[in-house]
Amino acid sequence: MELPKNIQHQLAQFQQLQQQAQAISMQKQTVEMQIQETQKALEELKKADDDAEVFKTAGNLLIKVEKEEINSEMEEKAETLQLREKTITRQEERVTKKLQEMQASLQEAMQGAGMNPGMGN
């Protein structure tokens, strides 16, 4: 039995939203990893002596920098990443809610069309 056009359209939108949710989830994982790396770098920086030689990467180069300068830079980076994580989390919550609403709507439409919606999540 062929699906009615409106249900086909809803299914296509649902699948697009699932792909979007997956992409958001991957972005969130990447940002979380960057936060962990930045925090680890800050911890190591705190352990280093004040007069220790500190270097940062710039492409293929290592450049000597002042400990305080790189510390400020890393703290700013951590703050920016945490804001990005919050934004992604809100985006993820919105998409998840929309997916749940669309799934309920699709199931309703399929039942109304006399079909058995076997949509696993």
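Residues numbered from 1 in each chain as written. Predicted model: local features only at pLDDT ≥ 70, side-chain atom pairs only at ≥ 80, totals over all residues. Heavy atoms only, no water.

Novice: So what's going on with the overall build of the chain? Residues and values would help.
Specialist: Counting its secondary structure elements, the chain contains two helices and two strands. Starting at the N terminus and ending at the C terminus, the chain contains elements arranged as α-β-β-α. Relative to the 2.2 N^0.38 estimate, which gives 14 Å for 121 residues, the radius of gyration of the chain is 24 Å and therefore markedly larger than a compact globule would have. Principal-axis analysis of the C-alpha atoms places the extent of the chain at approximately 75 × 25 × 20 Å. Considering only contacts in the chain between residues 6 or more positions apart, those separated by 24 or more positions represent 68%. (Helix = DSSP H or I, 4+ residues; strand = E, 2+ residues; numbered from the N terminus. Rg over C-alpha atoms; globule rule 2.2 N^0.38 Å. Contact = heavy atoms within 4.5 Å.)

Novice: Describe in detail the packing of helix α1 (residues 5-47) against helix α2 (residues 67-112), supporting the description with residues and values.
Specialist: For the pair α1 and α2, interaxial distance at closest approach is 8 Å and the crossing angle is 160°. The angle between α1 and α2 places the two elements in the roughly antiparallel class. The element α1 and its partner α2 pack so that their crossing is left-handed. Here the residues of the contact of α1 with α2 are counted per class, giving 22 nonpolar, 15 polar and 10 charged. (Axes fitted to C-alpha atoms, helices over the stretch in contact; angles between N-to-C directions. Parallel < 35°, antiparallel > 145°, perpendicular 65-115°, else oblique. Left-handed = near helix turned anticlockwise from the far one by under 90°. Nonpolar A, V, L, I, M, F, W, Y, C, P; charged D, E, K, R; others polar.)

Novice: Which residues make up the pairing of strand β1 (residues 54-58), and what are the values?
Specialist: Of the strand pairs in this sheet, β1 and strand β2 (residues 61-65) are connected by five bridges, and their pairing is antiparallel. When the bridges of β2 are listed, Lys56 appears paired with Ile63. What sits between β1 and β2 in their antiparallel hairpin is a turn of two residues, with Gly59 showing a positive phi close to 70°. (Pairing = 2+ DSSP bridges.)

Novice: I'd love a proper account of the pattern of salt bridges, names of residues and values included.
Specialist: If you walk through the whole model with that rule in mind, you get six salt bridges. Two residues, Glu44 and Lys40, come together in a salt bridge whose shortest N-O distance is 3.3 Å. Of this pair, Glu44 and Lys40 both sit in helix α1, four residues apart, which is roughly one turn of the helix. When the shortest N-O distance is used, the salt bridge between Lys64 and Glu53 registers 3.2 Å. Of this pair, Lys64 sits in strand β2 while Glu53 sits in the loop between α1 and β1, placing them 11 residues apart in sequence. The pair Lys64 / Glu53 is uniform in exposure class, with both members exposed. A single salt-bridge network, built from bridges that share partners, covers Lys40, Glu44 and Lys47. (Salt bridge = Lys/Arg side-chain N within 4 Å of Asp/Glu carboxyl O. Buried < 20%, exposed > 50% of the residue type's maximum accessible area, 1.4 Å probe, protein only.)

Novice: If you had to explain the nonpolar core to someone new, which residues and values would you point to?
Specialist: One finds Phe14, Leu17, Val31, Val95 and Leu99 to be the most contacted residues of the largest nonpolar core, which totals 14 residues. Those elements that provide at least two residues to this core are α1 and α2. When residues of this core are assigned to their parent elements, the largest contribution, seven residues, is made by α2. When residues no more than four places from it in sequence are discounted, the contact partners of Leu17 are Val95, Lys98, Leu99 and Met102. Membership of the second largest hydrophobic core comes to seven residues, among which are Leu42, Leu45, Met74 and Ala78. (Core = buried A, V, L, I, M, F, W, Y, C linked by side-chain atoms within 4.5 Å.)

Novice: Hey, could you go over the side chain of Asn71 for me, with residue numbers and the actual values?
Specialist: Locating Asn71 in the fold gives a position in helix α2. Its relative accessible area of 14% is what places Asn71 among the buried residues. In contact with Asn71, not counting residues within four places along its chain, are Leu42 and Leu45.

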